[in-house]
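This is what each chain is made of:
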Amino acid sequence: MNVIDASRIDSAYENGAFSLDRWKEYIRKAFPPAETLCLDDLEECLKAGLSWENDYLPMLNQAYQNAAARARALASFRSLTVDLNDRVRSVFGRELDADLVLYLGLGSGAGWVTQLGGRTAVLFGIEKIVELGWEGEKSMTGLIYHELGHVYQRQHGVLDREFAENADRFLWQLFTEGVAMVFEQMLAGDEEYFHQYDEEWAEWCGANLRRIANDFNSDLGSMTFENQRYFGDWVEYDGRGDTGYYLGARFVQRIMKTHPFDELINFDIDEVKARFKAFLNDLNEE
């Protein structure tokens, strides 16, 4: 794995204020393949109803102003990426090949796995990390491990599939996020490890798991990027964010009672549908 530190972000600001034009200059020097990706994602999110003035600028300016948080994020990133492939190999028996980049994005996410320049890139947006308060080593551990879970499925299983129906697309997202959650739990050595929030969040999700699962299933037929309420800190299910990650983790944990990890990461959507139906039946009978 290649580790790239692009966390020196001063050049993207003018007199302490974020400048999109200066950011373009920054990203072209820091990690050029990410420019079009971030700009396209920004455009899509603005079309979906997010506000540049209210949702993006405050976050981007906060990243500059909170130098102490940026420094903690960088220290955590450096510490956790040392000998990381050795840790993956010790748990899973395989290695990963990817570029891990700590950079200033455009609010696209604290972690994002994609293909850039013919290679797998794992992008860690320092602006989102600071906004979410995830710069400490505990939170960064989960974040980095989670994104590597997506890399593992892409390189040793099947991560990306094309779907004609949104219902299949979002069920696949639930499954792949669950795979990444279980990967990070296995790497951390704790099947109850959830990096997203605190113990209260996990306890609430556990107490409401059946309801979350049934509501997710009911929503599938009409779910879109604009109205989904399970994935992302910007949406909420009953006042809680990221409940889809908890649901996905419990779903994949249930599958692992009968199928090993390296087998289930090759499932197709029909197998996932069958397993999710069985998962719902088990929950509703408990």
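What comes next concerns the included structure. Since we're looking at a predicted model, the values are computed, not measured.

The subject of this paragraph is the overall build of the protein. A tally of helices and strands in the protein yields 13 helices and six strands. Its C-alpha radius of gyration of 19 Å places the protein within 12% of the 19 Å reference for a compact globule of 286 residues. On the principal axes, the C-alpha backbone points of the protein span a range of 60 × 40 × 35 Å. Evaluated residue by residue, the protein yields a buried proportion of 52% over its 286 residues. The long-range share in the protein, meaning contacts at least 24 apart out of those at least 6 apart in sequence, stands at 67%. Taking the average place of the 28 positive charges on the side chains of the protein and the average place of its 50 negative ones, the gap between the two points comes to 2 Å.

A complete count under the given rule lists zero disulfides for this structure. Cysteine Cys45 remains unbridged, with the sulfur of Cys38 as its closest cysteine sulfur at 11 Å. By relative accessible area, Cys45 is classed as buried at 10%.

To describe a pair of aromatic rings, you give the distance between the ring centres and the angle between the ring planes. If you walk through the whole model with that rule in mind, you get 27 aromatic pairs. Both rings, one in Phe194 and one in Trp201, keep their centres 6.0 Å apart while their planes meet at 65°; by these two values the pair is edge-to-face. Of the two residues, Phe194 and Trp201, both sit in the buried class.

Attention shifts here to the sheet that holds strand 5 (residues 112-116). As summarised here, the arrangement of the four strands in space is 1-4-6-5, forming an open sheet in which the pairing is mixed. A strand with exactly one partner marks an edge of an open sheet, and here the two such strands are strand 1 (2-6) and strand 5. Going from strand to strand, the sheet's axes swing by 25° on average, the running direction of each strand aside. Pairing of strand 1 with strand 4 (residues 99-103), which is carried by five bridges, proceeds in the parallel orientation. Bridge pairing in strand 4 places Asn2 opposite Asp99. The sheet contacts of helix 7 (residues 137-156) involve strand 4, strand 5 and strand 6 (119-125), and relative to strand 6 the element is tilted by about 160°.

Turning our eyes to something else, we now look at the packing of helix 9 (residues 199-207) against helix 10 (residues 209-219). Here helix 9 crosses helix 10 at 70°, and the two axes come no closer than 4 Å. By the angle between their directions, the pair helix 9 and helix 10 is classed as roughly perpendicular. Each of Trp204, Cys205, Gly206 and Ala207 in helix 9 lies in contact with helix 10, whose residues at this interface are Leu209, Arg211 and Ile212. Across the contact of helix 9 with helix 10, the residue classes tally to five nonpolar, one polar and one charged.

Moving on, we get to the packing of helix 8 (residues 166-188) against helix 13 (residues 269-285). As a packed pair, helix 8 and helix 13 sit with axes 10 Å apart at the nearest point and diverge in direction by 75°. Classified by the angle their axes make, helix 8 and helix 13 are roughly perpendicular. Across from Asp168, Leu171, Trp172, Leu174 and Phe175 in helix 8, the residues of helix 13 making contact are Ile269, Val272, Lys273 and Phe276. Considered class by class, the residues forming the contact of helix 8 with helix 13 number seven nonpolar, no polar and two charged.

It is worth spelling out the nonpolar core at this point. In this structure, Tyr103, Leu104, Leu123, Phe175 and Phe216 are the most contacted members of the largest nonpolar core, which totals 96 residues. With ten residues, helix 8 is the largest single contributor of residues to this core. Beyond its immediate stretch of four places on either side in the chain, Leu123 contacts Phe31, Ala34, Leu37, Val101, Tyr103, Ala110, Gly111, Trp112, Thr114 and Leu116.

Located in the positive-phi region is Asp238, a residue other than glycine, with phi close to 50°. Summarising the element assignment, Asp238 is placed in the loop between helix 10 and helix 11 (243-255). Classification of Asp238 by relative accessible area gives partly exposed; the value is 45%. In the Ramachandran plot, Asp242 falls in the positive-phi region, its phi being about 60° despite a non-glycine side chain. Note that Asp242 resides in the loop between helix 10 and helix 11.

How each quantity is defined
- Residues numbered from 1 in each chain as written.
- Predicted model: local features only at pLDDT ≥ 70, side-chain atom pairs only at ≥ 80, totals over all residues.
- Heavy atoms only, no water.
- Helix = DSSP H or I, 4+ residues; strand = E, 2+ residues; numbered from the N terminus.
- Rg over C-alpha atoms; globule rule 2.2 N^0.38 Å.
- Buried < 20%, exposed > 50% of the residue type's maximum accessible area, 1.4 Å probe, protein only.
- Contact = heavy atoms within 4.5 Å.
- Lys, Arg positive; Asp, Glu negative; His and termini not counted.
- Charge placed at Lys NZ, Arg CZ, Asp CG, Glu CD.
- Disulfide = S-S within 2.5 Å.
- Phe/Tyr/Trp six-rings, centres within 6.5 Å; stacked < 30°, edge-to-face > 60°.
- Pairing = 2+ DSSP bridges.
- Axes fitted to C-alpha atoms, helices over the stretch in contact; angles between N-to-C directions.
- Parallel < 35°, antiparallel > 145°, perpendicular 65-115°, else oblique.
- Nonpolar A, V, L, I, M, F, W, Y, C, P; charged D, E, K, R; others polar.
- Core = buried A, V, L, I, M, F, W, Y, C linked by side-chain atoms within 4.5 Å.

In short, geometric facts, not functional conclusions.
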